[in-house]
Amino acid sequence: MKIIDVLNDKKLSISFEVFPPKMETNFESVKMATEEIAALHPAFMSVTYGAGGGTSKYTLEIAKNIRDKYDVPTLAHLTCVSSSRDTVRERISDMKSLGIENVMALRGDLTPELEGADRSSWDYQHAIELVRELREAGDFCIGAACYPEMHPESTNQRQDLIYIKEKVEAGADFLTTQMVFDNSLFYNFMYKIRDLGVTVPVLPGIMPITNANQVEKALKLSGAFMPLRFKSLVDAFGDKPEAMKQAGIAYATDQIIDLYANGITNVHVYSMNKPDVAETIMGNLSDIIGERSVGFRWIGEDN
């Protein structure tokens, strides 16, 4: 099933992101965690792709297993940073052979070794080029990333918005945001891209912070703004593991409910391979998911 069909149905939904193991010795434990999340029957699950493509084999194995065993649509990530066209085309061919029809097209994070590298000779400079290649390669449903608060490498938000529009024009069917901790920033971003003529579905990315050590990493990855109320939560409960976990899940749940209440029908949760967190969030939303949005449309949205 293509993800765009899920997103075009106005039924409220939730999806989860999982990541493959870095080493083969961890494959079974990671596989078990992803299966436990799949058993919750989310709308779909995305499977990430390690920096530099190091986990590409596991990405496809896990995506195929979730789809085949639990009938949950899967979205396989694909990055192009420092990759040759031949390598990318080989991975696209692998996806086709496994019947994977949903792909998240990303440039990919720069590893420390790549940050100072000369990029002028790289076959791919931006995710836009990967989106275009996937669109030409076959009948894929293509997702792309966006940053509500501006990509860390962009000089200004206007430039960032233009890049997002170019991704959609190149063939992206939907967008997923980097993690957001303040919904008002997401709403502001939505009005800006709709005003620019970008009308594809946009999924806000929500990350439950369940331990204080995640905060620094989350900020480094996303550059996301941390609201004062969230900082207060970490200050109060950060040194109490169980309390911090409960508070972090409650904060994420509150964000999701607010998004649903304001007309957002699809939310993507960065689960960090934690089935108990995913299960608790779904339990918190058990009487909400399934309700349909009524009478609310973002500007420029036809569906």
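As shown above, the structure is provided for reference.
About the cut-offs
- Residues numbered from 1 in each chain as written.
- Predicted model: local features only at pLDDT ≥ 70, side-chain atom pairs only at ≥ 80, totals over all residues.
- Heavy atoms only, no water.
- Core = buried A, V, L, I, M, F, W, Y, C linked by side-chain atoms within 4.5 Å.
- Buried < 20%, exposed > 50% of the residue type's maximum accessible area, 1.4 Å probe, protein only.
- Contact = heavy atoms within 4.5 Å.
- Phe/Tyr/Trp six-rings, centres within 6.5 Å; stacked < 30°, edge-to-face > 60°.
- Helix = DSSP H or I, 4+ residues; strand = E, 2+ residues; numbered from the N terminus.
- Pairing = 2+ DSSP bridges.
- Axes fitted to C-alpha atoms, helices over the stretch in contact; angles between N-to-C directions.

A. Region of interest: the nonpolar core. Membership of the largest hydrophobic core comes to 65 residues, with the highest contact counts inside it found for Ile14, Leu78, Leu134, Leu175 and Ile256. The residues contacting leucine 78, other than those within four sequence positions of it, are Tyr49, Val88, Arg91, Ile92, Met95, Val103, Met104, Ala105, Leu106, Leu130 and Leu134. Counting 14 residues, the second largest nonpolar core, distinct from the first, contains Phe230, Leu233, Ala247 and Tyr270.

B. View of the packing of aromatic side chains. One pass over the full model with this rule turns up four aromatic pairs. Both rings, one in phenylalanine 27 and one in tyrosine 58, keep their centres 5.6 Å apart while their planes meet at 40°; by these two values the pair is tilted. On the criterion of sequence distance, the pair formed by phenylalanine 27 in helix α2 (residues 27-38) and tyrosine 58 in helix α3 (residues 56-70) is long-range, its members being 31 residues apart. What makes phenylalanine 27 buried here is its relative accessible area of 12%. The exposure class assigned to tyrosine 58 is buried, which follows from its relative accessible area of 12%. Judged by centre distance (4.9 Å) and plane angle (65°), the rings of phenylalanine 230 and tyrosine 251 are edge-to-face. Taken together, the positions of phenylalanine 230 in helix α10 (residues 228-237) and tyrosine 251 in helix α11 (residues 241-261) put the pair 21 residues apart, joining distant regions of the chain. Through successive ring pairs, a cluster of aromatic residues spans Phe181, Phe230 and Tyr251.

C. Representation of the environment of alanine 63 within the structure. Secondary-structure assignment places alanine 63 in helix α3. What alanine 63 contacts, discounting residues up to four positions off in sequence, is Val47, Thr74, Ala76 and Ile100.

D. View of the sheet that holds strand β8 (residues 266-270). Overall, parallel pairing links the eight strands, which are arranged β1-β2-β3-β4-β5-β6-β7-β8 in a closed barrel. For this sheet, the mean inter-axis angle between neighbouring strands, taken without regard to orientation, is 30°. Bridge count for strand β5 (residues 141-146) against strand β6 (residues 174-179) is four bridges, and the pairing is parallel. Note that in β6 the partner of cysteine 146 across the bridge is threonine 177. Lying over the sheet, helix α6 (residues 127-137) contacts β3 (74-79), β4 (102-106) and β5, oriented at roughly 155° with respect to β4. Of the strands in this sheet, β1 (13-18), β7 (202-206) and β8 are in contact with α11, which crosses β7 at around 160°.

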